[in-house]
Amino acid sequence: MTKISPEIEEDVQAESLLSVSADVSFSSNCFPKYKLGPDNQIVEESKEDSKGLSLKEVVEKETVQLSEQHKRLSVRDLASKFDKNLTAAAKLADEAKLRDVASLEGHVLLKKLRDALEALRGRMAGRTKEDVEKAISLVEALAVKLTQNEGELIQEKFEVKKLANFLKQASEDAKKLVSQEKSFACAEIESARAVVQRFGEALEEEEKNSPKSKTQDVERLVDEIQEARRIKRLHQPSKVMDMEHELHALRTQIREKSVLSLKIQKELAMNKRAEENKSCLYVFDGSEALGSHLRIRPRSDTAPSLSKCSIQWYRVSLDGSQKEIISGASKLAYAPEPLDVGRVLQADILSNGQKITVTSAGPIESAAGLGSYIETLLRKSSSEFNVVISQMNGQDYSSHSNHCFNVGKLRIKLCRGWITKSREIYHTSMQLCGVRGDGNAAAKSLFWQARKGLSYVLTFESEKERNAAIMIARKHALDCNIMLAGPDDRV
């Protein structure tokens, strides 16, 4: 057997170690400690970390805390947090690069160590050779362990890169949000400045105009005071009072004279018509007022028979300038209606080609108490009257039962109990007037055309109710911009 002295062995080991360490730079001054685990696997001995948590764990912890508290942080604080985490991720990436360099150095070291052990094994024999072979197997197991650590390092590097990209994107988003909020805040500040500027300008303008308006008011007040003093100097109080009493007395006298003049004019017109009617063969019989019934009668037996004459009634203005035909009034009798009040009634009688004119002595007067009765009814939303249908569409109505004639503000309704005969709003086709016939109940009856093709002759319980119904209906129709009158009436 070849015997190797200890000095030679120490020289070989020293030479081989010097050749390995000369080309390698270590990241630390100590070599990691390993031990054989089960199935001859190399296991790195654990050592206590005196520096606390690693940089990766710190980044993950802060990221979790940031995700939990981002709702409570402002946009600026959120961007600052993202920038800090991005810096930490960059440091972690630098550390991973250092680990890559250390790993590469470890592979080089292990390769050179294995080559030295192989060279040494060829020179050794016996127990020393077995130790060298055991050391070679330990180096190979360590190389496998280093390869596994490289895989874990690559995975860790991928995760770190992913986290860095996420933090970078989040930081950019936070910066955009900060910029957007800043622009919004700037816009609001500019708007507030504009409003404040407008208010300032308005206040300045008001301050400029205020002295002018005050000066004008003071000047106007001074002028009024001076004018009042001038008037006071010109007129003593006693003289002014005497003049006021005189003016009041003069107004009263003028009013009395006007009333007396109208009365005298009316009497003169009545006397004139009476003189004209004395020579007339016919005369009106009846009161010349609402609720009456005027009838033409012969003044003497020599007058032609009225049954052989044609008759037409007119309403004439007081001065005689306007003469209006009363359509349908061609009988011996006529019951005045509210439209005739204040006008003169006239009847033309044609007999054997000769026209004879009969005129009322004065204008038709209103019925006593009719005005107050109408005012009472107008306080209600609608007025109801008991009527009997005498005719319907020009034909005598068979039933003489009582009906209700309801005059409202918007429509007129004719009904019996719950049965409605007719209900119409005010419109241009509606007509309403007194009956223009010579019947005994003409003063109590009116003609109502609800619509084209539907008309009624209604008889009331009294003349006052009939005239009140006509006047109320015409007033409500006028409020609806509808002129309610009889056939061919000019209103």
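Residues numbered from 1 in each chain as written. Predicted model: local features only at pLDDT ≥ 70, side-chain atom pairs only at ≥ 80, totals over all residues. Heavy atoms only, no water.

## Considering the pattern of salt bridges
Item 1. Counted under the stated rule, the structure contains 11 salt bridges.
Item 2. Residue E337 is joined to R474 by a salt bridge in which the shortest nitrogen-to-oxygen separation is 2.7 Å. Highlighted residues: E337 in the loop between β7 (333-334) and β8 (344-351) and R474 in helix α7 (residues 463-479), separated in sequence by 137 residues. The same class applies to E337 and to R474, which are both buried.
Item 3. Note that D489 and R436 form a salt bridge whose closest N and O atoms lie 2.6 Å from each other. Of this pair, D489 sits in the segment after α7 while R436 sits in the loop between β15 (431-434) and β16 (445-451), and the two are 53 residues apart along the sequence. In terms of burial, D489 and R436 fall into one category: buried. (Salt bridge = Lys/Arg side-chain N within 4 Å of Asp/Glu carboxyl O. Helix = DSSP H or I, 4+ residues; strand = E, 2+ residues; numbered from the N terminus. Buried < 20%, exposed > 50% of the residue type's maximum accessible area, 1.4 Å probe, protein only.)

## Points about helix α6 (residues 370-378)
Item 1. Among all positions in α6, only L370, I374 and L377 are buried. Buried residues of α6, viewed axially, fall in a sector of 60°; they line one side. (Arc of directions from axis to C-beta.)

## With respect to α7
Item 1. Here α7 spans 25 Å end to end across 17 residues, near enough to the 24 Å set by a 1.5 Å rise per residue.
Item 2. Every buried residue of α7 is accounted for by E465, R466, N467, A468, A469, I470, I472, A473, R474, H476 and A477.
Item 3. Downstream of α7 by a residue or two, N481 has a phi angle that is positive, lying close to 65°. (Expected span 1.5 Å × (residues − 1).)

## Side note on the nonpolar core
Item 1. Judged by nonpolar contacts, the single largest core of 30 residues is most densely connected at F405, L414, Y426, L446, W448, L458 and F460.
Item 2. Those elements giving two or more residues to this core turn out to be α6, β10 (382-392), β12 (402-408), β13 (411-416), β16, β17 (454-460) and α7.
Item 3. The dominant element in this core, judged by the number of residues it contributes, is α7, at 6 residues.
Item 4. For L414, the residues in contact, after removing those within four places along its chain, are V387, I389, H403, C404, F405, T420, K421, S422, W448, Y456 and L458.
Item 5. In terms of nonpolar packing, the next biggest core, distinct from the first, is built from 19 residues, F284, W313, I326 and I364 among them. (Core = buried A, V, L, I, M, F, W, Y, C linked by side-chain atoms within 4.5 Å. Contact = heavy atoms within 4.5 Å.)

## Comments concerning the pairing of β17
Item 1. The buried count for β17 comes to 7 of 7 residues, which makes it a mostly enclosed element.
Item 2. Residues L454, Y456, L458 and F460 line one face of β17 and the alternating positions S455, V457 and T459 line the opposite face, and both faces are buried.
Item 3. Relative to β17, β10 runs antiparallel, the two sharing 5 bridges. The partner of M392 across the bridge, within β17, is Y456.
Item 4. Relative to β17, β16 runs antiparallel, the two sharing 6 bridges. (Pairing = 2+ DSSP bridges.)

## Some thoughts on the sheet that holds strand β4 (residues 294-298)
Item 1. Strand order in the open sheet formed by 3 strands is β3-β4-β7, with antiparallel pairing between adjacent strands. Looking along the sheet, the strands with just one partner apiece sit at the ends: β3 (282-285) and β7.
Item 2. Across 2 bridges, the pairing between β4 and β7 is antiparallel. Across the sheet, R295 pairs through a bridge with A333, a residue of β7.

## Here we look at the sheet that holds strand β9 (residues 354-359)
Item 1. With antiparallel pairing, 4 strands are arranged side by side in an open sheet as β6-β5-β8-β9. In this open sheet, the two strands that pair with only one neighbour each are β6 (323-325) and β9. Recorded for the sheet is a direction-independent mean angle of 30° between the axes of neighbouring strands. (Axes fitted to C-alpha atoms, helices over the stretch in contact; angles between N-to-C directions.)

## Considering the packing of aromatic side chains
Item 1. What the rule picks out here adds up to 6 aromatic pairs.
Item 2. Both rings, one in F284 and one in W313, keep their centres 5.0 Å apart while their planes meet at 15°; by these two values the pair is stacked. Taken together, the residues span a long stretch of sequence, with F284 in strand β3 and W313 in strand β5 (residues 310-316) at a distance of 29 residues. With respect to burial, F284 and W313 carry one shared label: buried.
Item 3. Seen from their ring centres, W448 and Y456 are 5.8 Å apart, and the 20° between their planes marks the pair as stacked. Like Y456, W448 is buried.
Item 4. A network of ring pairs unites the aromatic residues F385, F405, W448, Y456 and F460 as a single cluster.
Item 5. In this structure, K323 is placed above the aromatic ring of Y314, and the distance from its NZ or CZ to the ring centre is 4.4 Å. (Phe/Tyr/Trp six-rings, centres within 6.5 Å; stacked < 30°, edge-to-face > 60°. Lys NZ or Arg CZ within 6 Å of the ring centre and 35° of its normal.)

## Digging into a negative patch on the surface
Item 1. Taken together, the side chains of E201, E204, E205, E206 and E207 make up a negatively charged region of the molecular surface.
Item 2. For E201, the position within the fold is in helix α4 (residues 127-234).
Item 3. On the basis of relative accessible area, E201 is assigned to the partly exposed category, the value being 45%. (Patch = residues over 30% accessible without salt bridge, like charges linked within 9 Å, V, L, I, M, F, W, Y side chains within 5 Å. Areas by Shrake-Rupley, 256 points an atom, 1.4 Å probe, with all protein chains shown as cover. Lys, Arg positive; Asp, Glu negative; His and termini not counted. Charge placed at Lys NZ, Arg CZ, Asp CG, Glu CD.)

## Section: the pairing of β16
Item 1. In terms of burial, β16 is largely enclosed, as 5 of its 7 residues are buried.
Item 2. Bridge analysis of β15 against β16 gives 4 bridges, and the strand direction is antiparallel. Bridged to G434 within β16 is L446.
Item 3. Between β16 and β17, which pair antiparallel one after the other, the connecting turn spans 2 residues, and G453 there sits at a positive phi close to 95°.

## Comments concerning the confidence of the model for the protein
Detailed reading of the predicted coordinates is not advisable wherever pLDDT falls low.
Item 1. Across the protein, the average pLDDT comes to 77, with 73% of residues at or above 70.
Item 2. Every residue in residues 1-29 is under pLDDT 50, and counting partners more than four places away or in other chains gives 18 contacts.
Item 3. A low-confidence stretch, residues 47-51 (pLDDT under 50), is modelled with 0 contacts involving residues beyond four sequence positions or located in other chains. (pLDDT = per-residue confidence, 0-100.)

## With respect to unusual backbone geometry
Item 1. Even without being glycine, N481 reaches a positive phi, approximately 65°.
Item 2. With respect to the helices, strands and loops of the structure, N481 is situated in the segment after α7.
Item 3. A positive phi angle is found at D488, which is not glycine, with a value near 60°.
Item 4. Among the secondary structure elements, D488 is positioned in the segment after α7.
Item 5. For D488, a relative accessible area of 59% translates into the label exposed.

## Observations concerning a nonpolar patch on the surface
Item 1. A surface patch of nonpolar side chains, about 290 Å² in accessible area, is lined by L247, L250 and I254.
Item 2. Note that I254 resides in helix α5 (residues 237-278).
Item 3. The exposure class of I254 is exposed, given its relative accessible area of 55%.

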